[in-house]
Amino acid sequence: MTTPKNDKNPRTTGRPTLNEVARLAGVSPITASRALRGVSTVATELVEKVQKAALELNYVVNPAARALASAQSHSVVVLVPSLSNLLFIDTLEAIHQVLRPKGFEVLIGNFHYSRDEEENLLRNYMAYQPRGLLLTGFDRTESSRRMIEASNIPCVYMMELDSAAGVNCVGFSQLAAGETAAEHLLSRDRKRLAYIGAQLDQRTLLRGEGFRKALQKAGLYDPDLEVLTPRASSVGLGGELFLQLLASHPDVDAIFFGNDDLAQGALLEAMRCGIKIPEQIAVLGFNDLPASAHMVPRLSSISTPREAIGRRAAEQMLTLMAGNSVAKPVQDMGFELKVREST
């Protein structure tokens, strides 16, 4: 039996090639490759021709083959712990806006706050020979650390800071943010201050540590007023933990939540139960998610520069991938206390 001939591609795989796309578009293979990668220096009319040719031929880019052919891919791996948290969605959007116009593909991995899952993602993505790694925080397995170090791939860490030699990072002090939260609530003359945190990633724990240190300094720390759970952060969980805390400690007069969705849940539950915010209990969130400014009452929160972190981290990565060192490897983007009606 003879194999039917593929008029568009005589290769045994039956897959259209980049050369065929370039020939149909009337451009060189290099121009076709750059056009399909979104490199901004390619003229718009050429991009349109190449995209039209690729569509006609049903051409699909093979990143692994591209990496083998050039001994270097055009991919940057970005690993985040969640795709349901707007914090990381905003960061990813900013990264994409910086890297995509330069012709880089952004490979996103979600490790669901699991160090083992992050290790598996790193191992799998290394097969693509990525040009760079953008990673969240510093809490990972020893195997992951060794893998990153052995790869010699440029790496930028996001959301946290570390002044160790050779580390490029963009973020803010989670510890200082927790201290600021406590100081704000203390300035409202609150005496029974609680911290409610979920997920329990390293950043949540650091916020709680900063909050604790400020209360200890003021002589008002009570370990019974720390409510920590490994459960996923959510509005529903926030309301549930809020009621649990008040049932066991009805004298609480201020609560700092490790994320805004928890605090939003507390405000909704307070409204249902007729608990006056902030007259009876001051409520402070973290991350200043979009809905927080529209809650009833409007939620006070610590605003984090998630878009700026993503943009600056991607800019650092471009510098490193070009073979240059970053002038300021540790970039503290700071945070801002947004005082609204709930405190």
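Residues numbered from 1 in each chain as written. Predicted model: local features only at pLDDT ≥ 70, side-chain atom pairs only at ≥ 80, totals over all residues. Heavy atoms only, no water.

Participant: Sorry if this is basic, but what is going on with the overall build of the protein chain here?
Facilitator: Within the protein chain one finds twelve helices and twelve strands. Dimensions of the protein chain, computed from the C-alpha atoms along their principal axes, are close to 80 × 45 × 40 Å. Burial status across the protein chain gives 51% buried among its 343 residues. The contacts of the protein chain with a sequence gap of at least 6 include a subset with a gap of at least 24, amounting to 70%. Per element, the accessible surface of the protein chain, about 16,500 Å² overall, is 51% carbon and sulfur. Computing the positive centroid from 37 side-chain charges and the negative centroid from 38, the protein chain places the two 8 Å apart. (Helix = DSSP H or I, 4+ residues; strand = E, 2+ residues; numbered from the N terminus. Buried < 20%, exposed > 50% of the residue type's maximum accessible area, 1.4 Å probe, protein only. Contact = heavy atoms within 4.5 Å. Areas by Shrake-Rupley, 256 points an atom, 1.4 Å probe, with all protein chains shown as cover. Lys, Arg positive; Asp, Glu negative; His and termini not counted. Charge placed at Lys NZ, Arg CZ, Asp CG, Glu CD.)

Participant: Could you clarify how one ought to interpret the pairing of strand β6 (residues 193-198) in this entry?
Facilitator: The side chains of a regular strand alternate between both faces of the sheet. The buried fraction of β6 amounts to six of the six residues, a majority that puts the element mostly inside the structure. Both faces of β6 are covered, namely the face carrying Leu193, Tyr195 and Gly197 and the face carrying Ala194, Ile196 and Ala198. As defined by bridge partners, β6 adjoins strand β7 (residues 226-229) across four bridges and the pair is classed as parallel. Its bridge partner being in β7, Ala198 is matched across the sheet by Thr229. Running through helix α9 (residues 202-218), the crossover from β6 to the neighbouring parallel element β7 is right-handed. (Pairing = 2+ DSSP bridges. Right-handed = clockwise from strand over helix to strand, strands pointing away.)

Participant: I'm lost on the pattern of salt bridges in this one. Help?
Facilitator: Think of it this way: side chains of opposite charge can pair up when their charged atoms draw near. Throughout the structure, instances matching the rule amount to 18 salt bridges. We note a salt bridge from Lys213 to Glu209, for which the minimum N-O separation is 3.5 Å. Of this pair, Lys213 and Glu209 both sit in helix α9, four residues apart, which is roughly one turn of the helix. The exposure class of Lys213 is partly exposed, given its relative accessible area of 39%. Through salt bridges with shared partners, a single ionic network connects Glu160, Asp201 and Arg203. (Salt bridge = Lys/Arg side-chain N within 4 Å of Asp/Glu carboxyl O.)

Participant: Mind showing me how you'd approach the environment of Glu56 here?
Facilitator: Inspection of the secondary structure assignment puts Glu56 in helix α3 (residues 44-57). With 35 residues separating them along the chain, Glu56 and Val21 place their C-alpha atoms 8.8 Å apart.

Participant: Could you clarify how one ought to interpret the confidence of the model for the protein chain in this entry?
Facilitator: Where the model shows low pLDDT, its predicted coordinates should not be examined in detail. On average, residues of the protein chain score 91 in pLDDT, and 92% of them reach the 70 mark or higher. Across residues 1-12, confidence stays below pLDDT 50; counting only partners more than four residues off in sequence or on other chains, it has eleven contacts. (pLDDT = per-residue confidence, 0-100.)

Participant: Sorry if this is basic, but what is going on with the nonpolar core here?
Facilitator: Nonpolar side chains in soluble globular proteins tend to end up buried together. In this structure, Leu99, Leu134, Met158, Leu185, Phe211 and Phe256 are the most contacted members of the largest nonpolar core, which totals 38 residues. Non-local contacts of Leu99, meaning those with residues more than four positions away in its chain, are made with Val76, Phe104, Val106, Leu134, Ala314, Leu318 and Met321. (Core = buried A, V, L, I, M, F, W, Y, C linked by side-chain atoms within 4.5 Å.)

Participant: What's the story with the sheet that holds strand β1 (residues 75-80) in this structure? I'm lost.
Facilitator: Think of a sheet as strands paired side by side through backbone hydrogen bonds, with each pair either parallel or antiparallel. Pairing is parallel across the open sheet formed by six strands, whose spatial order is β2-β1-β3-β4-β5-β11. Two strands bound the open sheet, and with one partner strand each, they are β2 (105-110) and β11 (330-332). When the angles between neighbouring strand axes are averaged without regard to direction, this sheet yields 15°. Pairing of β1 with strand β3 (residues 132-136), which is carried by four bridges, proceeds in the parallel orientation. Across the sheet, the residue bridging to Val76 is Gly132, located in β3. Set on the sheet, helix α12 (residues 306-321) makes contact with β1, β3, β4 (155-159), β5 (169-171) and β11; between it and β4 the angle comes to about 170°. (Axes fitted to C-alpha atoms, helices over the stretch in contact; angles between N-to-C directions.)

Participant: What exactly am I supposed to notice about helix α11 (residues 260-273) here?
Facilitator: Think of an α-helix as turning once every 3.6 residues; residues three or four places apart then point the same way. With 14 residues, α11 extends 20 Å from end C-alpha to end C-alpha; this agrees with the ideal 20 Å at 1.5 Å per step. Of all 14 residues that make up α11, ten are buried, and the element is covered over most of its length. Positive backbone phi, at 75°, marks Gly274, one or two positions downstream of α11. (Expected span 1.5 Å × (residues − 1).)

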